[in-house]
Amino acid sequence: MIAYLVLAALAVAVVVLVAWPLARPAAERDHLDATTEGQRRRLALREERDLALEALKELELDHATHHISDVDYADLVQRERVRAAEAIRALDEELGTGPQGAR
Amino acid sequence: MALVGQGALILALLLALWAIAAGLAAATGRDARLMRSAALALWGILGLVAVAVAIFVHAIVTHDFSFQVVASSTSRSLPWGYLITSAWASQAGSLLLWVSILIVFSLLALRATRQGLAEIRPWLIAILGAILAFFLLLLVVPASPFATQVAPPDGNGLNPALQNPYMATHPPALYLGYVGLAIPFALAMASMLAGRVDARWVVASRRWTLVAWGFLGVGMLLGSHWAYQEIGWGGFWAWDPVENAALMPWLVATAFLHSVIVQEKKGMLKVWNIALIAGAFALSIFGTFLTRSGILSSVHAFVESDIGWYFIVALILVCGGSTLLIVWRLPLLRADQRIESVASREATFLFNNLLLVGMAFAVLWGVVFPLLTEAVGRVRETVSSPFYEFFAIAFGIPLLLLMGIGPLIAWRRASLAQLRRSFLWPLVAGLVAGAAMLALGLGSSWAGAATGSVCAFTAVTIISEFVRGTRARHSLGDERWPTAFARMIGKNRRRYGGYVVHLGIIVFVIGAIGSSAYESRAQGLLERGQTLAIGDATLTFRGVEEAEGPNYTQRAAVLDATLGGEPIGTLAPARRAYTREQTTSNEVAIHTTLSGGDLFVILDGIRGDGAVQIKAFYKPLVTLIWLSGLIFVLGVVLCVWPDARERRRILRRYAEEPLSGEAGP
């Protein structure tokens, strides 16, 4: 008998637990907004920028530890800089803060 | 009490089903209230599983033999420590451990997705709820820890092989690994369902995979030491299907941990990485299936078992579902860049992945082939050690070589002149090591000599990496050498932590090769006063001693041992007869020498006239295998340790681009 009472108490507790958030009417803040296409694009550009900046740090370490020749280092650094700059430029355009956005 | 325990598990199953339904409804209907309710369901499961565990452990320690599981795996004479560890010795107990770990990991994973991954949380809850529901279903229907009976006066006792201190660490470590792989799988699937396949899930999954992979590795090594000490056949790894069950997901997770670096740095291998993480989780389910379904004893036992078909359905769902999701999201998973040159770090990672996955497939085939032959009505074929050893050598030596090549090659491409300069000293070291081994007469095993040579090559590259990095920091600033060394590691923890793990692998390989390819063995029937010689050691039989343990009687052969003519003490290999369990076990005697080798002695039998059958091994360098575990753990901790710089970068990215629904329970 006690076992059944304990189980009943547990059952009531878990029902209250999961029903608690649903007990009040839905409000504006209860809507989960989806990430917009624009947010996804900007996020991708920010990732691209961060990746390029990280790659520059990695190149610096590889160069300092003589894993990469001076010629390759100069070429690869240039490419990562261009990659970072393009990502930042595209991001500025998305946000309307770059040269095109300012016009 | 059993009724409350069973009821708690049923309620937990209902909550898991609610978590699936509410999670899916929250994801599709974009309802934050439903998501909070689904998340609270997980907390409810935690509470209910805690109640079930408490009742189960209470039944074990109070010898409540009305619980069938308690009666079948414990006895009144079982020492207290083994009573506790018997909690996961049975099928039901081990599944309860699975669920306990999974619910804790699920809540931690949910917490870790608050920043930057809010959109995937309802999907994540639904997937974790589904995995929890599967294991709770097993506990409620075919493998209940709360099945009762009329209590017998005593239990059947615990298998003597499980009455070992390693029982306290080996199974929990393995289960932390198996269960841990559920989290990166759930994160990957939830990210694909939500269409969020950017780098954020990769960062979250990588750390979870590292933790799970670390535990699997440590669990396997603890299991090896257990087998070495307790099973008493003279080795540490027998390519047993139960051992292979842990090795397969570990190999695939190792491949993921390498290829995910390529995705993070170069935006490549996105589909491959998701496939690997799904494969690692499927193999962890497969491993649990192998050890729990009875299929290893015979296919017929599996067909008659209550639990096997549940696992088959789960495996189909995991493999089929993840394949469908990958196909659906292929357009989002295009690579950002391509591999420019085969002489690049990303190419070495790719080769390493192919070898690791190839090795996992070879092991899988070795495990599955006997089952298939039996299933088609033939006599079960056995796949024995030479099959596995062939593939371990064929895939292992190139893998060791790549461990040395990878760090020396830069991303994107490397010039010939640079390669020549980088490889000169490691190559010299490898050749010198190979020549030295041949000169020392160690050419009897070509695989041993080749592996030793490759280990020297790779060890030198790794050590030179630490030297070069420290020198670079020291020459750039005014840092002293120790400071430069510490900061170099601190600022590149993943890189240097990975190197430490590689060093651990090399130490392990040297220990494994030394103790297997170059071991000596001897056996003989000894009467009192007779001597058995093995290499530089001798064993002189002095007599048989009898002793009583808490739940066994023991007969030991007392042997005076010498090494190089010097006495090193007494060794007493024994056989134990367990009264309650009505079985015997071998207790080996081990003496570790200063050079790291073991004199390993087994008592094979005692004749009526008091003569003893002794089998002895000398295993050079075997201690390195256990030492490698410590190095491995150090490397894993370095890699897993939170990286403040990475955290700041992610925080900045999401502070700049706040996504919807970041706050949550």
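Residues numbered from 1 in each chain as written. Chains lettered and ligands numbered in written order. Predicted model: local features only at pLDDT ≥ 70, side-chain atom pairs only at ≥ 80, totals over all residues. Heavy atoms only, no water.

Draft legend 1. The arrangement of the overall build of chain B in detail. Along the backbone of chain B there are 21 helices and 10 strands. Computed over C-alpha atoms, the radius of gyration of chain B comes to 27 Å, within 12% of the 26 Å expected from 2.2 N^0.38 for 665 residues, which places it in the range of a compact globule. On the principal axes, the C-alpha backbone points of chain B span a range of 80 × 75 × 55 Å. Intrachain contacts of chain B at a sequence separation of at least 6 include 72% that bridge at least 24 residues. Surface accessibility of chain B: about 26500 Å² in total, with carbon and sulfur atoms responsible for 66%. Put simply, chain B has 50 plus and 38 minus side-chain charges, and the middle of one group is 14 Å from the middle of the other. (Helix = DSSP H or I, 4+ residues; strand = E, 2+ residues; numbered from the N terminus. Rg over C-alpha atoms; globule rule 2.2 N^0.38 Å. Contact = heavy atoms within 4.5 Å. Areas by Shrake-Rupley, 256 points an atom, 1.4 Å probe, with all protein chains shown as cover. Lys, Arg positive; Asp, Glu negative; His and termini not counted. Charge placed at Lys NZ, Arg CZ, Asp CG, Glu CD.)

Draft legend 2. Layout of the nonpolar core. Residues and elements named next belong to chain B. Of all hydrophobic cores here, the largest spans 170 residues; its most connected members are Ile45, Phe135 and Leu136. It is helix α2 (residues 32–61) that provides the largest number of residues to this core, a total of 15 residues. Those residues in contact with Phe135 that lie beyond four places of it in its chain are Leu95, Trp98, Val99, Ile285 and Phe311. The next biggest cluster of nonpolar side chains, apart from the first, holds 19 residues, and it includes Leu532, Ala557, Leu559 and Ala561. (Core = buried A, V, L, I, M, F, W, Y, C linked by side-chain atoms within 4.5 Å. Buried < 20%, exposed > 50% of the residue type's maximum accessible area, 1.4 Å probe, protein only.)

Draft legend 3. Quick peek at the pairing of strand β5 (residues 566–571) of chain B. Residues and elements named next belong to chain B. Judged from the 5 bridges that link them, strand β4 (residues 552–563) and β5 form a sheet pairing that is antiparallel. Each residue of the ladder has a partner; that of Ala561, found in β5, is Gly569. The turn linking β4 back onto β5 is made up of 2 residues, and Gly564 within it adopts a positive phi angle of 60°. (Pairing = 2+ DSSP bridges.)

Draft legend 4. Expanded view of the pairing of strand β10 (residues 612–619) of chain B. Residues and elements named next belong to chain B. Buried residues dominate β10, accounting for 6 of its 8 residues. With 7 bridges joining them, strand β1 (residues 520–526) and β10 adopt antiparallel strand pairing. The residue bridging Gly524 from the neighbouring strand is Ile614, located in β10. As paired elements, strand β9 (residues 598–606) and β10 share 8 bridges and run antiparallel to each other. In the strand pairing of β10, Asp598 is matched with Lys619. Hairpin connection of β9 to β10: 5 residues between the antiparallel strands, including Gly610 at a positive phi of 95°.

Draft legend 5. Representation of the interface of chain B and chain A within the structure. Across the boundary between the two partners, chain B contributes 62 residues, which contact 47 residues of chain A. Between chain B and chain A, a total of about 5100 Å² is buried, with carbon and sulfur atoms accounting for 54% of that surface. The interface formed by chain B and chain A contains 7 salt bridges. Ionic pairing is found between Arg495 of chain B and Glu58 of chain A, a salt bridge with its closest N-O pair at 3.3 Å. Where chain B touches chain A, the interface holds 10 residue pairs in polar contact (both at pLDDT 80 or more). Elements represented by at least two residues in the side of chain B that touches chain A include exactly α1 (2–29), α2, α9 (199–231), α10 (241–266), α16 (416–439), α17 (446–476) and α21 (644–656) of chain B. Per-element tally for the side of chain B that touches chain A: the top contributor is α2 of chain B, with 10 residues. The residue inventory of the side of chain B that touches chain A, partitioned by class, reads 25 nonpolar, 12 polar and 25 charged. (Buried area = accessible area lost by both parts, 1.4 Å probe. Salt bridge = Lys/Arg side-chain N within 4 Å of Asp/Glu carboxyl O. Polar contact = N/O pair within 3.5 Å; in protein donor to acceptor, adjacent residues only side chain to side chain. Nonpolar A, V, L, I, M, F, W, Y, C, P; charged D, E, K, R; others polar.)

Draft legend 6. The arrangement of the pattern of salt bridges in detail. Residues and elements named next belong to chain A. Counted according to the given criterion, the structure contains 31 salt bridges over all chains. In this structure, Glu48 engages Arg83 in a salt bridge whose closest nitrogen and oxygen atoms are separated by 3.0 Å. Of this pair, Glu48 sits in helix α2 (residues 37–64) while Arg83 is found in helix α3 (residues 70–95), placing the two residues 35 residues apart along the sequence. Arg83 gets classed as buried once you look at its relative accessible area, which sits at 10%. One salt bridge connects Lys57 with Glu54, and the closest N-O pair in it is separated by 3.9 Å. One end of the pair, Lys57, and the other, Glu54, are both in helix α2, 3 residues apart, so they sit about a helical turn from each other.

Draft legend 7. Geometry of the sheet that holds β1 of chain B. All names here are of chain B. Overall, antiparallel pairing links the 4 strands, which are arranged β1-β10-β9-β8 in an open sheet. Of all the strands in the sheet, the pair left with one neighbour each is β1 and β8 (589–592). Taken over all neighbouring pairs, the strand axes of this sheet differ in orientation by 15° on average, direction set aside. (Axes fitted to C-alpha atoms, helices over the stretch in contact; angles between N-to-C directions.)

Draft legend 8. Just α2 of chain B, in detail. Residues and elements named next belong to chain B. The end-to-end C-alpha distance of α2 is 44 Å, a good match for the 44 Å that 30 residues give at a rise of 1.5 Å each. Sitting at the head of α2, Asp31 places a side-chain oxygen 2.8 Å from the backbone nitrogen of Arg33. Taken from the residues just after α2, His63 is the one with a positive phi, measuring 55°. (Expected span 1.5 Å × (residues − 1).)

Draft legend 9. Up close: the packing of α1 of chain B against α2 of chain B. Residues and elements named next belong to chain B. Look at α1 against α2: their axes get within 8 Å of each other, and the N-to-C directions meet at 165°. In terms of axis orientation, α1 runs roughly antiparallel to α2. α2 is crossed by α1, and the crossing has left-handed handedness. Split into classes, the residues belonging to the contact of α1 with α2 amount to 22 nonpolar, 4 polar and no charged. (Parallel < 35°, antiparallel > 145°, perpendicular 65-115°, else oblique. Left-handed = near helix turned anticlockwise from the far one by under 90°.)

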